[in-house]
Structure formats: structure tokens, C-alpha cells
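Overview (structure and organization)
In case you want the letters, here they are:
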Amino acid sequence: MTVLQTILLVTALAGTASVMVAASFSMAFLSKMVHNMVSVSVGILLATALLHSLPEAFMMEGVNPQLLFATLLAGLLGFFFLEKISLLRHSHHHEGDGHDHHHGHDAEVAGRSGWMILVGDGIHNFVDGVLIAAAFMADYQVGIFTAIAIIAHEIPQEIGDFIVLLNAGFSRTRALLYNLICGLAAVVGGVLAYFFLEKAHAAMPYLLVIASSSFIYIAVSDLIPQMHRRPHWLESLRQTVLIACGVGLVILLSVLH
């Protein structure tokens, strides 16, 4: 196969393999207790952003730390404004119709976190595709090991994504379908990197920061407030342990690869 064909095949596999592995866990077990597993998702999302993606972005050559922090701030505020616009549109749509939309409104609020996690996931997969393409263009063996490492570290993040999507009201089939579509963003990243590697590399740290901002925003703005609605001591202890498990899962797979 040519280098481009190899990149297409491996990025497609990398983009979907971690999703399918995560789905096998999520659909068989996590979907039955999704509300209890929101805490695990918080740990996974925050650890992925703060211990993996952001350090990787800041360690890349030629980056301006101040500009990366500005990008992080812009990403957080951008997701805030997107959610605010959605809230205002929803409020205006139901204004004065005389019906109680409390439960529907709750579902709408949860649903927004689902769409935002897909945006962040898609950007993150795009960056993975660029990394895989760059590795294969340097050395075939390096490309294989890079793809394996990416699949390994993506598994906990995809589990976290599934929990968020299920918690947001997505059916298991829709959650799988949308995650697979986002996974194919790796193919787009790989192809663009093949033709425009220098420009793709220059954009990578900023894309990683934007993806991280979506993970942080969803964890802090949507998931943690849900957890605070159950303020009992035993529940709080369980939430803390599950957050630690999510963080530990990301750290463990990062160490292994």
C-alpha cells in the first residue's frame, strides 16, 4: 500500500476501534447505571484535558504559552455562549404557551452537553489523525506504535463520552453512531496532514486546547452541578471515589503506552 492508503486505513481503524471497545463496556454495563457513573466521566474528562491534552499542547515546539491560555479562555467562553444561546432560544420557543416544560427543559439542558462533547471529541480525533499521519510519513513502525498508543489512550475518553451522551438522553444506538462519526474525524486529520503537514502541525496545539476546553466546560458546568444535587455524605464519598477511578484510568493507560 502507498503511504496515503496506509494512513487512511490506520486512521479509520484508530478512530473507530477505541469507540467500539468503549461501547462494549458502556452498553453492557455503564448504561444501566449511567447516573452513578457521571462521576467517573468527570474524572476521565478532567484528567484527559489537564493531564494529557493540555500538557501535550504546551510541550509542542514553537508554541506561545500566552496564546494557548488565550485559546483556552476563548474556548471556555465560546462553549458558554453557545449554551447560553441555546438556552435563550429554548426559553423563547416555549414563552407564554401556558404549559409546564420542566422535564423537557431538563432534557434539553442535558442534551446540550451531549452535542458539546461530540464537538470536543471530533476535534480531538482530528488531532489524533494528524499525529498518526505524521508518524507514518516519518517511519512505518513509528506509525504503527503511534496508532496503538492513540487507541489505548482514547478508550477511557470514549467511555467518558458515552456516559455523557447517555446521561444527556441519547439512546445507546445514537451514542454509538455519533461517536463513530466523530471517530472518522481522524481520517480527515490524517489526509489533511498528508498534504499539508506543516500547516496541520502548526494548528495542532490550538486544536488540542479547544478540545480540552470542551471537556473541562462540560465536566465543570454540566456534570458536577448534577452531582451536587445529591449532597448526602455517603453519596459524596462515592462520587469522590468514582472521580478518582476515572482519573486513575487515564493515568494507568497513559503509563502503559
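This structure is a prediction, so every number in the text was calculated from the model and none was measured.

Focus: the packing of helix α6 (residues 172–183) against helix α7 (residues 185–195)
One way to put it is that α6 packs onto α7 with a least axis distance of 4 Å and a crossing angle of 5°. Of the possible angle classes, the one that applies to α6 and α7 is roughly parallel. When α6 is examined against α7, the residues I181, C182 and G183 are found in contact with a partner set consisting of A185, A186 and V187. Residue composition of the contact of α6 with α7, grouped by class: 5 nonpolar, 1 polar and no charged.

Here we look at the UniProt feature "transmembrane region" (unreviewed entry) in the protein
In the numbering adopted here, UniProt assigns the feature "transmembrane region" (unreviewed entry) to residues 6–30, 37–54, 66–82, 176–197, 203–224 and 236–256. Secondary structure within residues 37–54 divides into 100% helix and 0% strand; the distance between the first and last C-alpha atoms comes to 24 Å. In this annotation, residues 176–197 is assigned 91% helix and 0% strand; the end-to-end C-alpha distance for the span is 30 Å.

With respect to the nonpolar core
For soluble globular proteins, the rule of thumb is that nonpolar side chains tend to be buried together. Ranked by internal contacts, the top residues of the largest apolar core, which has 60 residues, are L45, I117, I132, F162, I218 and L223. At the level of secondary structure, the elements contributing two or more residues to this core comprise α1 (3–28), α2 (34–59), α3 (65–93), α4 (102–138), α5 (140–167), α6, α8 (197–228) and α9 (233–256). For this core, the element with the most residues is α8, which contributes 11 residues. Excluding residues within four positions of it along the chain, L223 makes contact with V38, S41, V42, L45, V164, N167 and I218.

As for the environment of L68
In this structure, L68 sits in helix α3. Sequence spacing of L68 and A57 is 11 residues, and the spatial spacing of their C-alpha atoms is 8.2 Å. Setting aside chain neighbours within four positions, we find L68 in contact with A57, F58, V63, P205, Y206 and V209.

Points about α5
Counted at 1.5 Å a residue, the expected span for α5 with its 28 residues is 40 Å, and the 40 Å between its end C-alpha atoms agrees. Along α5, the sharpest change in direction is near 35° and occurs at I155; proline P156 comes one to four residues later. Among the 28 residues in α5, 21 count as buried, and that is most of the element. Following α5 by one or two positions, G169 has its phi on the positive side, about 100°.

A word on a nonpolar patch on the surface
Together, L50, L51, I251 and V255 give the surface a local cluster of nonpolar side chains, amounting to about 390 Å² of exposed area. Mapped by element, the contributors of at least two residues to the nonpolar patch are α2 and α9. Tracing the backbone through its elements, the reader meets I251 in helix α9.

A word on the packing of α5 against α6
Closest axis-to-axis distance for the α5/α6 pair is 10 Å, and the angle between their directions is 135°. Our classification of the angle between α5 and α6 gives oblique. Judged by the twist between their axes, the crossing of α5 over α6 is right-handed. Side by side, α5 and α6 meet where E158, D161, F162, L165 and L166 of the first sit next to R172, A175, L176 and N179 of the second. Here the contact of α5 with α6 is composed, by residue class, of 5 nonpolar, 1 polar and 3 charged.

Concerning the pattern of salt bridges
Counted according to the given criterion, the structure contains 1 salt bridge. When the shortest N-O distance is used, the salt bridge between E235 and R238 registers 2.6 Å. Of this pair, E235 and R238 are both found in helix α9, 3 residues apart, which corresponds to roughly one turn of the helix. For E235, a relative accessible area of 11% corresponds to the buried category. Relative accessible area serves as the criterion here: at 42%, R238 is assigned to the partly exposed category.

Brief notes about the packing of aromatic side chains
The full count for this structure, using the stated rule, is 7 aromatic pairs. Geometrically, the ring pair formed by W115 and F170 is edge-to-face, given 5.4 Å between the ring centres and 65° between the ring planes. Residue W115 is found in helix α4, and its partner F170 is found in the loop between α5 and α6; the two are separated by 55 residues along the sequence. Overall, F170 belongs to the buried group, its relative accessible area being 6%.

Analysis parameters
Residues numbered from 1 in each chain as written. Predicted model: local features only at pLDDT ≥ 70, side-chain atom pairs only at ≥ 80, totals over all residues. Heavy atoms only, no water. Axes fitted to C-alpha atoms, helices over the stretch in contact; angles between N-to-C directions. Helix = DSSP H or I, 4+ residues; strand = E, 2+ residues; numbered from the N terminus. Parallel < 35°, antiparallel > 145°, perpendicular 65-115°, else oblique. Contact = heavy atoms within 4.5 Å. Nonpolar A, V, L, I, M, F, W, Y, C, P; charged D, E, K, R; others polar. UniProt positions renumbered as here; feature names shortened; annotations may be inferred. Core = buried A, V, L, I, M, F, W, Y, C linked by side-chain atoms within 4.5 Å. Buried < 20%, exposed > 50% of the residue type's maximum accessible area, 1.4 Å probe, protein only. Expected span 1.5 Å × (residues − 1). Bend = angle between axes of the 7 residues up to and from the residue. Patch = residues over 30% accessible without salt bridge, like charges linked within 9 Å, V, L, I, M, F, W, Y side chains within 5 Å. Areas by Shrake-Rupley, 256 points an atom, 1.4 Å probe, with all protein chains shown as cover. Salt bridge = Lys/Arg side-chain N within 4 Å of Asp/Glu carboxyl O. Left-handed = near helix turned anticlockwise from the far one by under 90°. Phe/Tyr/Trp six-rings, centres within 6.5 Å; stacked < 30°, edge-to-face > 60°.

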